[in-house]
Amino acid sequence: MSDSLLSPEQVYLDANATTPVLPCIAQVVSHTMQICFGNPSSPHITGIQAKHLLEQTRENARTVIGAKEGNILFTSGATEGIQTAVVSTLINAKTHKIDNPVLLYGATEHKAVPNTLKHWNDVLGINAKILAIPVNSKGILDLTFIAEHIPNALMICTMAVNNETGVYQDLDAIEQTIRFLNPDVSWMVDCVQALGKKQLNLSATTIDYAPFSGHKLYAPKGIGFLYIRAGSAYTPFIAGGGQESGMRSGTENLPGIAGLNKLFSLLLDRSDTTFKPIDVLNSYRAQIKCAIEDTFGDVTFNHSFEHSVPTTLNFAVNELTSKEVIDLFDAAGIRVSGGSACSTGSSTSFVLDAMGVKQWQSENAIRLSFGPAATAEEIANACESIRALKAILQANCLIVSDSATPHQDVCALGLTQFRHQGACCWLYVSENKQAIIIDPIVELIPRLEKIANTQNLTIKAVLNTHTHQERHCGVTLLRSVLGSRCDDIEIDKLGWPIHAAYIDLNNQRLEKIATPGHSEDSVSYVLKNEDNHINYCFCGDLILPAGLGNTSLAGGNAKAMAHSILALAEQLDETSVICSGHDYLQCFAMNWEAEQQQTPLLNGLINGQMSIDEFVTEKQLDDQAKEKSRSQLCGYVTALPESYIQQLNFDSAKAMLTKNDAYLIDTREPYEHGANNVSQLFRTKEIKTLNIPLSRMANALMEGQLSKSGKYILLCRSGNRSKLAAANLTQLGYQTVYNLEGGLALSL
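These remarks concern the structure in this document. (Residues numbered from 1 in each chain as written. Predicted model: local features only at pLDDT ≥ 70, side-chain atom pairs only at ≥ 80, totals over all residues. Heavy atoms only, no water.)

1. Description of the overall build of the protein
Helices and strands together make up the secondary structure of the protein, namely 24 helices and 29 strands. A globule of 748 residues ought to have a C-alpha radius of gyration of about 27 Å, and the protein, at 30 Å, matches this closely. Viewed in the frame of its principal axes, the protein has a C-alpha envelope of about 90 × 65 × 50 Å. Burial statistics for the protein: of 748 residues in total, 57% are counted as buried. Counting contacts in the protein only where the partners sit at least 6 residues apart, residues at least 24 apart contribute 70% of the total. Accessible surface, the protein: about 31200 Å² in total, of which carbon and sulfur atoms supply 49%. (Helix = DSSP H or I, 4+ residues; strand = E, 2+ residues; numbered from the N terminus. Rg over C-alpha atoms; globule rule 2.2 N^0.38 Å. Buried < 20%, exposed > 50% of the residue type's maximum accessible area, 1.4 Å probe, protein only. Contact = heavy atoms within 4.5 Å. Areas by Shrake-Rupley, 256 points an atom, 1.4 Å probe, with all protein chains shown as cover.)

2. Some details on the state of the cysteines
Tallied over the entire structure, the rule returns zero disulfides. The thiol of Cys579 is not disulfide-bonded; the next cysteine sulfur, from Cys539, is found 7.5 Å away. (Disulfide = S-S within 2.5 Å.)

3. Some points on the sheet that holds strand S9 (residues 299-301)
Ordered in space as S9-S10-S12, the three strands form an open sheet in which the pairing is antiparallel. Of all strands in the sheet, those bounded by a partner on one side alone are S9 and strand S12 (366-369). Ignoring which end each strand starts from, the neighbouring axes of this sheet average 35° apart. Where helix H8 (residues 278-296) meets the sheet, it contacts S9, strand S10 (312-317) and S12, and its direction lies at approximately 10° from that of S10. (Pairing = 2+ DSSP bridges. Axes fitted to C-alpha atoms, helices over the stretch in contact; angles between N-to-C directions.)

4. Observations regarding the pattern of salt bridges
Following the criterion strictly, the structure yields 27 salt bridges and no others. Between Arg62 and Glu59 there is a salt bridge, with its nearest N and O atoms 3.5 Å apart. In this pair, Arg62 and Glu59 are both assigned in helix H2 (residues 45-65), three residues apart and thus about one turn of the helix distant. We classify Glu59 as partly exposed; its relative accessible area is 43%. A salt bridge links Glu511 to Lys528, with the shortest nitrogen-to-oxygen separation between them at 3.0 Å. (Salt bridge = Lys/Arg side-chain N within 4 Å of Asp/Glu carboxyl O.)

Spelled out as structure tokens, the structure:
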């Protein structure tokens, strides 16, 4: 598609999500598409050959999973297999005589299982109660719970190996518990992650259904198979032409089945070394574990290796978010995930939540997984690539350097915004490394502590703009953590030095202005330069991007808010940057001019279009109306009109950068930017490539890093962050702003 980055080969460590098709399997698939392409239902020689391949694969599947009896049904994948098992069971159970029927599933099952149970339970009118079987801290199912509920169960669903943690279940113990109390209940075991990693002997068990998926083990996507025990209930999920002996209609996916056949032959050939034995896989895991610990230092592994297959490592880097770790890995060409690929977007891992891990571990879990066909060279390369990140982490204050003289390329001079669930914390560092921290967030204290220590900052003040109604005060805790880095002075409840009229920061000074309205104790801090110009106004939740603070909370007062706004308006000018306590619209940077344009109520008051009394009436009505329909506690904002952002593909962006007035802005964080050479990718001069992450957008606005007459192409990993930044710049009056469509992901 385009030139590659400095690291042209990706390090793929997300095998539990999907795997590449092995070259020998891809060759067989291609051959079947072009040469042995017959329809197994056709009576001629080409069809007979296709039918032979189909049945040969079925027999090989039996050998691989130890299923001498029962049926092997080819499917599109595990999800179809799960549907088939659940539908077959529930249709058969429609005539049950149980008074209080239940459907049981493991609390750490893939979401496909409980969602399927809930769907068909409703559609078929079974009206059974659906219960999640709890697990212990190691992820092992609670046999006592199973024993308690299995007598009333219509179906129980467990899994052989968990997709997020690699934890495997003791199927023998589960079977004994089930069959002792309910010999006839339908039992499905998700075996997707077990294939190629655990020895299976399904005919020796009373498992009724076992779904498998090809793409989790080097076969193509869109092919899988389902084991059905002899005598178990079965209803065709797909009706039609009667293929698969009437069990699953639709012309068989012969190329995919041929891929499975080759996979099975590799698994069965003891002389073949493609798939590694358990001792080798254990050594791979040990190597990767060492590389992770050597690189990140303080790491918590979220599962017991003793109870897990060796191909999965689930961990959290203490004091770093999963987003930061994944973004860094991705920028360096290392592919990992934050839990299940099918559950991306969730704030926590339901698997880890069920295991009772701490919330921060669940929120920031990283899943690293490799396939059982990984080579020693691939693992060594992965470990080398992971260790190469240590210098970047140290330079960006993400880990503490173990060197006596650490080299740090990045210092947080100027203003940096930190965010947590819509709340904003601000760090300002002067040129002589004196710093103020405003509205500290408890969850971000480890990060702030690390920055202060690695950058050797002198903390002049840790301040709140008001007593935050929705969270604990971080001032006292942060000051205690920072210790001697903070000035040892008497402070008020918001952190301001009691006997100080202002705080000196090199050639600038921070002043406090009482601005009640959102709360009685609300204040604003204004940072003035040598010319007495207000560069930054830290106004807490008095003023929000495109909105105003909530006055309906205890201590809120719309009239006081009006007077506070007018008092600030006398001191601010159009270029003063507004730094709020919350940013619900993800604006990141907002100056006083744009704030007035985007907040009609604010603008009407300041420009004399409404009186204070009129402001009070309208604000109170507005708060009352929005309180019923909005979830924001601290203030209400008006959704901004969606800005039209021009999109450029990679080639168009590269062509535009050949012109003198075009610049590239990398909106990723510095640690991502430092992991690869974006200038080289676009074949442009480094001087024309700026790294302005969203967290530093307000600083760039005040420092004049951008010109409104300039032409800017914004990029990030996927195009999402850069689109936000482009919209932000457009709102601020920058007219010629482009977004790299699809980000770097579609440019490599």
